[in-house]
Amino acid sequence: MIVLLYFDWFGTAEELKELDEKVKAACAEADGVDYKGRYAPDNRKYHFVSVFEVESYDKLLEVLLGPKMPPRDYKKLTHGVFEILRGPLE
């Protein structure tokens, strides 16, 4: 399963890099959650999209809402949306 997390970012570039490193580290410690990186979605209204390959959506939420992640700063990460792709289908 592929999960895309589209989001807008209003913090600094350095803060975004720190957040990426924390997400990468938390995913590396979790079973069934592989962080593929942050990309620029030219076909969406969001600034960025984080790409994950996961066993289940619940496992991803455990990582993103877990104690290894910093609390969300609503002034910097104002909103986002998940896109969940089941598969690969055969």
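The rules behind each value
Residues numbered from 1 in each chain as written. Predicted model: local features only at pLDDT ≥ 70, side-chain atom pairs only at ≥ 80, totals over all residues. Heavy atoms only, no water. Phe/Tyr/Trp six-rings, centres within 6.5 Å; stacked < 30°, edge-to-face > 60°. Helix = DSSP H or I, 4+ residues; strand = E, 2+ residues; numbered from the N terminus. Buried < 20%, exposed > 50% of the residue type's maximum accessible area, 1.4 Å probe, protein only. Lys NZ or Arg CZ within 6 Å of the ring centre and 35° of its normal. Pairing = 2+ DSSP bridges. Axes fitted to C-alpha atoms, helices over the stretch in contact; angles between N-to-C directions. Contact = heavy atoms within 4.5 Å.

## Overview of the packing of aromatic side chains
So, step 1. Evaluation of the coordinates by the stated rule reveals four aromatic pairs.
So, step 2. Seen in terms of ring centroids, Y35 and F52 are 5.2 Å apart; in terms of plane orientation they differ by 45°. Their pairing is tilted. One end of the pair, Y35, is in strand β2 (residues 33-39); the other, F52, is in strand β3 (residues 48-54), and 17 residues separate them in sequence. You'll find Y35 and F52 in the same group, each marked buried.
So, step 3. For the cation-ring pair, R38 lies above F48, with the distance from its terminal atom to the ring centre recorded as 4.7 Å.
So, step 4. Against the face of Y46 rests K45, its NZ or CZ located 4.6 Å from the ring centre.

## Concerning the sheet that holds strand β4 (residues 80-85)
So, step 1. On the basis of which strands lie adjacent, the open sheet formed by four strands has the order β2-β3-β1-β4 and antiparallel pairing. Strands at the two margins of the open sheet, each flanked by one partner only, are β2 and β4. Across the sheet, the mean angle separating the axes of adjacent strands is 20° when strand polarity is ignored.
So, step 2. Together, β1 (2-7), β2 and β3 form the strand contacts of helix α1 (residues 13-29), whose direction differs from that of β2 by roughly 160°.

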